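Residues per chain, in single letters:
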Amino acid sequence: MPMAFLCTLLPNFPSTRMTITPRSVLTRESRMGVQYELKQGQSRLFHKLPSGLAMEVIFQKGFDLRNPDEGRERFANPPLVFIHGSFHAAWCWAEHWLPFFSQNGFDCYALSLLGQGESEASDGPVAGLLETHAADVADFISKEIRLPPVLLGHSFGGLIVQYYIANIRGEQISEMRSLHPDLAGAVLICSVPPSGNSGLVWRYLFSKPIAAFKVTRSLAAKAFQTSLPLCKETFFSAEMEADLVKRYQKLMKESSRMPLFDLRKLNASLPVPLVPKSSIEVLVLGAKDDFIVDAEGLNETGRFYGVLPVCIEGVAHDMMLDCSWEKGAVAILSWLRGLNRQERYD
């Protein structure tokens, strides 16, 4: 069986592949110096990948909002699978969005990519490649998720989702197709655009040199880990309370034991392959006060998928953790409901 429990809250899981292991017999030690305390109804699981490494999953079961009089055959909400970006892990979704979407009837799975959060790490200098991260997500979906899910990615996690989309129906070898199960849809949240982050960097250097210096110092030099004001400016809104920024700063510092990518190799593999129009429904969501992904980066992603991006006012790059986190969540929920209606009548 590929998954095992790490905590005591035991909801009914949609997959029979899960195994329940009492906390008292677990010997797994926390990999984060600052542990994230799960909320009511959440469980921490570990999915065993083909490499033998264990990937952390935080799960929260959706409330059953179906009318009993309509029977069990009524259209079911697709599961939601969340992919974080650099310096984050599964916990960043568990804080607000997992409770929100589970209360609205969606089973939610937040993954920690290898080398991040409580997931195990390979022996290499970086956590993986764009291809290997997407393959790990695909392995989890193929083995643990019964229905085609909606895949949601934030920042560099959005780039992983884009690569995943490109390989669902791409004319690859049959093994590659089998590694990328179909999706019900995808949401790209403050995502790195298909061409990567090099365009963002050059635009900042020429148009906003001070901001470019701050972003480079914050992320490349990891100064956000020691400077509270810089952490706040990089990830959060000006209205964000200092104690919350400090809490998230500690979690982000502990979340990434190694770089998510080798950026030189990553940029050499971009842009991501173009997909046929309308092959999958995609929501491109941005933040008006994003300090990392600018408006042109958001528009580039929208053009790539032939959709009009949605830009949320009053939120920053870490939309799922920001003080107005519900704005992005409500926008996604509205899109999901429209997606459900469309699939129901197709």
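All figures in this text were calculated on a predicted structure; none of them were measured in a lab. Throughout, residues of each chain are indexed from 1 in the direction in which the sequence is written. Where local features are concerned, this predicted model is filtered to residues with pLDDT of at least 70; where side-chain atom pairs are given and counted, the filter is 80 or more; whole-chain, interface and lining totals use all residues. Where side-chain values are given, they derive from all heavy atoms of the structure, hydrogens and water being excluded.

Draft legend 1. The overall build of the protein chain, seen in detail. When helices and strands are counted, the protein chain shows twelve helices and ten strands. Only protein chains enter the accessibility calculation, which uses a 1.4 Å probe; a residue whose area is less than 20% of its type maximum is buried, one above 50% is exposed, and one in between is partly exposed. By the burial criterion, 54% of the 346 residues in the protein chain qualify as buried. Contacts spanning at least 24 positions in sequence make up 76% of the contacts within the protein chain whose residues lie at least 6 apart. Each accessible area is a Shrake-Rupley result for a 1.4 Å probe, and residues are judged covered by the shown protein chains and nothing else. Looking at the protein chain as shown, the accessible area adds up to about 15,700 Å², and 53% of this sits on carbon and sulfur atoms. Labels follow the DSSP assignment, with helices taken as runs of H or I lasting at least four residues and strands as runs of E lasting at least two, numbered in each case from the N terminus. Two residues qualify as a contact provided that any one of their heavy atoms is within 4.5 Å of a heavy atom in the partner residue.

Draft legend 2. View of the pattern of salt bridges. We define a salt bridge as a side-chain nitrogen of Lys or Arg found within 4 Å of a carboxyl oxygen belonging to Asp or Glu. Applying the stated criterion across every chain yields a total of eight salt bridges. For Glu120, the salt bridge is made with Arg31, and the minimal N-O distance between the two is 3.3 Å. Placement of the pair is Glu120 in the loop between strand E6 (108-111) and helix H3 (130-144) and Arg31 in the loop between strand E2 (18-19) and strand E3 (42-48), with a sequence separation of 89 residues. Judged by relative accessible area, which is 27%, Arg31 ranks as partly exposed. Glu296 is the salt-bridge partner of Arg303, the closest N and O atoms lying 2.7 Å from each other. A relative accessible area of 54% places Arg303 in the exposed class. Accessibility expressed as a relative area gives 32% for Glu296, which makes it partly exposed. In the salt-bridge network here, residues are joined through shared partners; they are Lys39, Glu95 and Arg247.

Draft legend 3. Fine view of unusual backbone geometry. In this chain, Leu270 is followed by Pro271 through a cis amide linkage whose omega measures 5°. Along the chain, Pro271 falls in the loop between helix H10 (263-268) and strand E9 (282-287). A positive phi angle is found at Cys190, which is not glycine, with a value near 45°. Within the secondary structure, Cys190 sits in the loop between strand E8 (185-189) and helix H6 (198-207).

Draft legend 4. Expanded view of the side chain of Arg44. Residue placement: Arg44 occurs in strand E3. Judged by relative accessible area, which is 9%, Arg44 ranks as buried. Nitrogen and oxygen atoms within 3.5 Å of one another constitute a polar contact, given that in protein one can donate a hydrogen and the other can accept it, and given that sequence-neighbouring residues count only through two side-chain atoms. Among the polar contacts made by the side chain of Arg44, one reaches the main-chain carbonyl oxygen of Tyr36 at a distance of 3.3 Å.

Draft legend 5. Up close: the nonpolar core. Remark: nonpolar core denotes a set of buried residues (Ala, Val, Leu, Ile, Met, Phe, Trp, Tyr, Cys) joined through side-chain atoms within 4.5 Å. Counting residues in hydrophobic clusters, the biggest one holds 53 residues, and the most contacted among them are Phe82, Trp91, Trp97, Phe101 and Ile332. Ranked by residue count, the leading element in this core is helix H12 (residues 325-345), at seven residues. Apart from residues no more than four positions distant in its own chain, Phe101 is found in contact with Leu80, Phe82, Phe106, Cys108, Ala329, Ile332, Leu333 and Leu336. Judged by nonpolar contacts, the second largest core, of 45 residues, contains Leu159, Tyr163, Val192 and Tyr305.

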